[in-house]
Amino acid sequence: MQNDDASTGFVHDLQKKLLNDVIAAVESGDMSMSEMREAAKFILDKTKTIAEADVDAFLKELSDKWSVFKNTQVVEGGKAVEDKEKEVIDKLSAYIKDMDVNPATN
Amino acid sequence: MADTLREVAQEAVAKTERSTFDYKTDHGKQVAGALRAEADRDVFTTLQIAAGEQVSPAILRANVDVSIGILRADGSVDATGTGYAERLVRAKGAVDRAEKYFDDQVDFRDFLGTTEGKVVVESTGKFLLTHPALTEYFANITNTAQRENAAKLLAEQYLQDPFAREKVRQALLDSKLNKGEVGDDYSETEAKRAEMDAKSKELEATIRQLEAETKLLKSRRAEFDRTPDLRNPTRIGTEFTTIAGLQATIATQEGVVASKTSQIRTTQAAIAALRAQYSATDKSDTAARSSIQGDITTKNGEITLAQGDIDTAAQKIATEQKKIDAYTEDRKSYDDKIEALVQKIKSTKEDKQKMSDELRELTMRKTRLEAGKGRNEELAVAEIENIFKKGVEQELMDRLDRAKAAADKAMEESAANEKDIDEKQYLELRAKRHKTADGKIDGKAIKEDFAAMKKDSTEYHVIQDPADKNKVLIVEMPANGWPATGGPSGSEKYYLTGPEFAMLQMMNNTNEFGGGFMLGKLKDAEWMKQQSQDFASQVLREKMYASRGWLRRRQTGVKRLTSAEIVKIKNSTWGGQMLENALEANKTKAAELDKALGSELLTGPGSWREKLGKLSNKQIGLLVLLLGTSGALLAPALTFGALGSAGSALGTALGSSSTAGAIAGGGAGLVIGHAGRSRSA
């Protein structure tokens, strides 16, 4: 079964990126047909129920198995850290704004 | 061997992956291109395709290219790359050409003439050799070379068969070949239904047996009742009588006990009185006291005797009671057994009911699948043609050649011997009807006559053509009948069967017969019946002869007899009668025909019509071929070779156990009856 976020959310974007890696690897001869089948099965299996927080670990496991995903792991891994930092900053910012507007509540 | 093209292709790709030969560049590009095109539509589906969970025709095609490319001519795999490029080019060409053939862009003969076509035929032959449906057939051909040759010949037929063409075409795009057929479903349902039917019958037998046991036990148990048989109320149960007797004995003995006990009590009282008397008597009166003492002793003796009687009676009571207890135990045992059997019958009946429900569903399903079965039967008839083509072909074809030559000769002789000029002309016309001016098969005339012959019986308005004395005008009755006013008069209407119409049309088209002659013959019902029957046999024979092989069909344009046409012939008045008459004339060979058909119907009870009605379309098809080849469907007074090896070969080819060698030596003149029905309306 497809993950609920697969058609529109981050899972779709993730699957698309990984599929592009697979296609490029097959085209260049870096990935055999059997490896292609195995990797695609692995991706489908793992992304069925994956949460955003687990992406980093998943990409590491994937690139450990097949080096053709190394690039995506580095790029996506960095992005996940950035996303987390941005999320924290956004929350802090909202909190400070709320303090300014409602000083009495503190 | 993997049974799908997809698996074969994947297997081939996997083998080449382990080799040192770099096949990957071209193949990888093809696969990547296919995935990229798919990814533009749907990422998830593309991943499923990459995982091998869905099929992409483009990737399958790329894999097939590799699989054919790495196969050596002997079927072994070459993953080293030697000759790979050459084979790959050839493989690609083969697939391309095959696709063109399957898309009707290339004629089969042209396709077969190419190296690629031969590769496809060879591959198809290998596929057919391992097809489960043909296992039994090929198992009968023990010689390897003969088996491979038979497979190749079958492949040629198979590739030309419309159904098979479609199947192979699909196989190039998809995987499972010949899977999920209605026929498979039908066979499975029928097998399951038959199994369940047998089990249901077993349960019925069990119920019957249990009921018989219960009945027997109940009848024995009833002997414990006063009236075991309500229909005979005066009869008393055997065990009831015995128990009643025992109870009566006990009652008697109890009476003895009571009587003796009373007697003892009285005697004891008397003894007490005597003792008192003894005490009161003066001691000196020894005589009196001695007398009293004697009386006491006598009384004590009486008590001892009475007590002995009581003991004896008590023993009898105990013995008889034991017997009664044993009978009571018996009765209870019967009751328990009966109850257990009743429960078993109940549960068995419930099981049977469930089975009946399932059986009903299976029967309904089977009925629904009957509709689809027609297609399979058509396929089966096509298969007959395939079988006809190979293995047995030469013998049968030679026989058909001889039969036709003899029939032609007989017709020519018949025409030569005829005195009546018009009859003579008619017979001459018949003799040359299906030949061209240079003596070759006239496919057009055969097709025309066969098409006319297939028409349903109906009324025609036939009158002299006022513009041409050698012609009549023929108008078929409209589907909704003749108009209420202005329709043809009664004397101008004729009810004609298909063959009668075909015969009239044939005469009319020649322009060689006077209208008067034709109108006269139309009124001669006996002549019409006889001649149309002969004509039907002739057309059928000519059609079979003209369509006997692929090349002949191509030359003459005459198609093979289809299952629908066979059914039509069987169901028509004239066709059914034609087969009946041929069987009647051939009845001494019924057992041999049965062997060839794999049936026991023809030698069984009933009329020919009933027997024909029970034969399947496939069997009818075979019967037509057998009778046609043996000459039984040919014109009167002809003699032909025996059914012999033809029946045997067909029987063997169909996987029956028939050897049918005994059919040989028949060759009697087989007279076709006059089944056509003609009457002036």
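Residues numbered from 1 in each chain as written. Chains lettered and ligands numbered in written order. Predicted model: local features only at pLDDT ≥ 70, side-chain atom pairs only at ≥ 80, totals over all residues.

1. Side note on the overall build of chain B
Quick reminder of the rule: Helix and strand labels come from DSSP, where a helix needs a run of H or I of at least four residues and a strand needs a run of E of at least two; each type is numbered from the N terminus. Residues are defined as contacting one another if the C-beta atoms placed from their backbone atoms lie within 7 Å.
Helix and strand content of chain B: 26 helices and four strands. The contacts in chain B between residues at least 6 apart in sequence include a share of 72% that link residues at least 24 apart.

2. Let's talk about the overall build of chain A
Our working definition: Exposed residues have 12 or fewer other C-beta atoms within 10 Å of their own C-beta, buried residues have 20 or more, and residues in between are partly exposed; the C-beta atoms are placed from the backbone.
Within chain A one finds four helices and zero strands. Element order for chain A, N to C, with α for helix and β for strand: α-α-α-α. Taken over 106 residues, chain A has a buried fraction of 27%. Long-range contacts, defined here as pairs at least 24 residues apart, represent 49% of the contacts in chain A between residues at least 6 apart.

3. Points about the interface of chain B and chain A
This is how it is decided: Ten residues, namely Ala, Val, Leu, Ile, Met, Phe, Trp, Tyr, Cys and Pro, are considered nonpolar, four, namely Asp, Glu, Lys and Arg, are considered charged, and the remaining ones, Gly among them, are considered polar.
Contacts between the two partners involve 20 residues from chain B and, on the opposite side, 20 residues from chain A. Elements with a contribution of two residues or more to the side of chain B that touches chain A: helix 1 (5-17), helix 2 (24-39) and helix 3 (43-50) of chain B. Per element, the largest residue contribution to the side of chain B that touches chain A is nine residues, and it comes from helix 2 of chain B. Across the side of chain B that touches chain A, the residue classes tally to 11 nonpolar, five polar and four charged.

4. Some remarks on the confidence of the model for chain B
Residues and elements named next belong to chain B. To keep it simple, the criterion reads: The predictor rates its confidence in each residue with pLDDT, a number between 0 and 100.
Scored by pLDDT, chain B has a mean of 73; 65% of the residues are at 70 or more. Between the elements of chain B, mean pLDDT differs from a low of 32, seen in helix 26 (residues 644-653), to a high of 94, seen in helix 12 (residues 238-280). Residue range residues 1-5 is modelled with pLDDT below 50. Its contacts to residues more than four positions away, or to other chains, number nine contacts. Every residue in residues 170-184 scores below 50 in pLDDT, and together they form 23 contacts with partners more than four places removed in sequence or on other chains.

5. Overview of the confidence of the model for chain A
Confidence along chain A averages 75 in pLDDT terms, with 61% of residues attaining 70 or more. At the low end of the mean pLDDT range in chain A sits helix 4 (residues 70-101) of chain A, at 61; at the high end sits helix 2 (residues 33-47) of chain A, at 91.

6. Focus: the packing of helix 1 (residues 10-28) of chain A against helix 3 of chain B
What counts, and what does not: Angles shown run from 0 to 180 degrees and are taken between the N-to-C directions of axes, each axis being a line fitted to C-alpha atoms and, for helices, limited to the stretch in contact. To sort the angles, those under 35 degrees are grouped as roughly parallel, those over 145 as roughly antiparallel, those from 65 to 115 as roughly perpendicular, and the leftovers as oblique. Less than a right angle of anticlockwise turn of the near helix away from the far helix marks a crossing as left-handed, whereas a clockwise turn marks it as right-handed.
As a packed pair, helix 1 of chain A and helix 3 of chain B sit with axes 10 Å apart at the nearest point and diverge in direction by 40°. In terms of orientation, helix 1 of chain A lies oblique with respect to helix 3 of chain B. When you trace helix 1 of chain A past helix 3 of chain B, the crossing you get is left-handed. Here His12(A), Gln15(A), Lys16(A), Leu19(A) and Val22(A) of helix 1 of chain A come into contact with helix 3 of chain B, specifically with Val43(B), Phe44(B), Thr46(B), Leu47(B) and Ala50(B). Each residue belonging to the contact of helix 1 of chain A with helix 3 of chain B can be placed in one class, and the counts come to six nonpolar, three polar and one charged.

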